[in-house]
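Coordinate inspection notes
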Amino acid sequence: MLFLEVDPRHILGIKKDHGAYFESVIEQCGLTTHNTVIVLAVTSSYVKYNEALIRGLSNYRKRGYQIALRFDHLISDKHAFELIEKLTPDYVSLSARQIEHADGHHALKKLQALKHAISLTQGKGILRQIDRKKSEILARQSGFDFVEGSYYDNLNATHQPIIIKS
């Protein structure tokens, strides 16, 4: 899969045929839209444009692209869950750095609730930026589908096995 980050301004700036330009470039590279994931970074700055973003991303989906939401900072739980429910993304990624600062039990409950919301839409959860043991434990306990981060690079360097749930 090719994960292609698209700036929200690009989605808002194009009125129709979202993905047409990327489609021709992707095909020239020998890829297809079906193995290309359009990634939208979700920020509170664009909350008021949600409906337009959803329409634009739905147009990408009609062209065969998969859709991912990337949360670097969780906006309100309500807003995140609503966006996931309306858009039904194929992937939702979240930065572990942001969540690990919360109290352990609270962070775990928050991650499990988010993972449950993702699962209800048949999507896959990705927990990114796992840099410390604390984040790795949260990832394992919360049941995210995929994980990534320097913590696993460090394990690899010491030749310890890495177990990744898929």
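See the structure above.
Below or above, wherever it landed, is the structure these notes cover. (Residues numbered from 1 in each chain as written. Predicted model: local features only at pLDDT ≥ 70, side-chain atom pairs only at ≥ 80, totals over all residues. Heavy atoms only, no water.)

This part covers the overall build of the protein chain. On a plain count of helices and strands, the protein chain comes out with 8 helices and 6 strands. Across the 166 residues in the protein chain, those meeting the buried criterion constitute 43%. With the model as given, the accessible surface of the protein chain reaches about 9,300 Å², and the carbon-plus-sulfur share is 53%. (Helix = DSSP H or I, 4+ residues; strand = E, 2+ residues; numbered from the N terminus. Buried < 20%, exposed > 50% of the residue type's maximum accessible area, 1.4 Å probe, protein only. Areas by Shrake-Rupley, 256 points an atom, 1.4 Å probe, with all protein chains shown as cover.)

Along helix α7 (residues 133-142), the positions that sit buried rather than exposed are S135, E136, L138, A139 and S142. What you see down the axis of α7 is that its buried residues fit within an arc of 160 degrees, all on one side. Backbone geometry just downstream of α7 places G143 in the positive-phi region, at approximately 80 degrees. (Arc of directions from axis to C-beta.)

On the secondary structure map, K15 appears in the loop between α1 (8-13) and α2 (20-28). Judged by its relative accessible area of 72%, K15 is exposed. Put simply, K15 and R55 are 40 residues apart on the chain and 9.7 Å apart in space, counted from C-alpha to C-alpha.

Turning next to the packing of aromatic side chains. Taken as a whole and judged by the stated rule, the model has 5 aromatic pairs. Here Y46 and Y49 contribute two aromatic rings whose centre-to-centre distance is 6.3 Å and whose plane-to-plane angle is 50 degrees, an arrangement assigned as tilted. You can call Y46 buried: its relative accessible area is 19%. For Y49, a relative accessible area of 36% puts it in the partly exposed group. Considering the side-chain rings of Y60 and Y65, the 5.3 Å spacing of their centres and the 85 degrees angle between planes classify their relative orientation as edge-to-face. We note that Y60, like Y65, is buried. Ring-pair connections join several aromatic residues into one group, and the members of that group are F22, Y60 and Y65. (Phe/Tyr/Trp six-rings, centres within 6.5 Å; stacked < 30°, edge-to-face > 60°.)

Our focus in this paragraph is empty space enclosed by the protein. Evaluation of the coordinates by the stated rule reveals 2 cavities of 30 Å³ or more. Estimates place the volume of the largest cavity at around 50 Å³. Lining the largest cavity are P8, L40, A41, V42, T43, Y46, V47, N50, L53, H79 and L83. Only β2 (36-42), α3 (50-62) and α4 (77-87) provide two or more residues apiece to the lining of the largest cavity. Here the lining of the largest cavity gets 3 residues from one element, more than from any other, and that element is β2. (1 Å grid on protein atoms, 1.4 Å probe; cavity = no way out; pocket = protein on both sides within 12 Å on 5 of 7 lines; lining within 4 Å. Points joined across faces, edges and corners; volume = space filled by probe spheres on them.)

Taken as a whole, this structure holds 12 salt bridges when the rule is applied. Between R9 and D7 there is a salt bridge, with its nearest N and O atoms 2.9 Å apart. Take D7: its relative accessible area is 33%, and that puts it in the partly exposed class. The shortest N-O distance in the salt bridge between R63 and E23 comes to 2.6 Å. One end of the pair, R63, is in the loop between α3 and β3 (66-71); the other, E23, is in helix α2, with 40 residues separating them in the sequence. Residue class for R63 comes out partly exposed when judged on its relative accessible area of 27%. A single salt-bridge network, built from bridges that share partners, covers E5, R70, D72 and R128. (Salt bridge = Lys/Arg side-chain N within 4 Å of Asp/Glu carboxyl O.)

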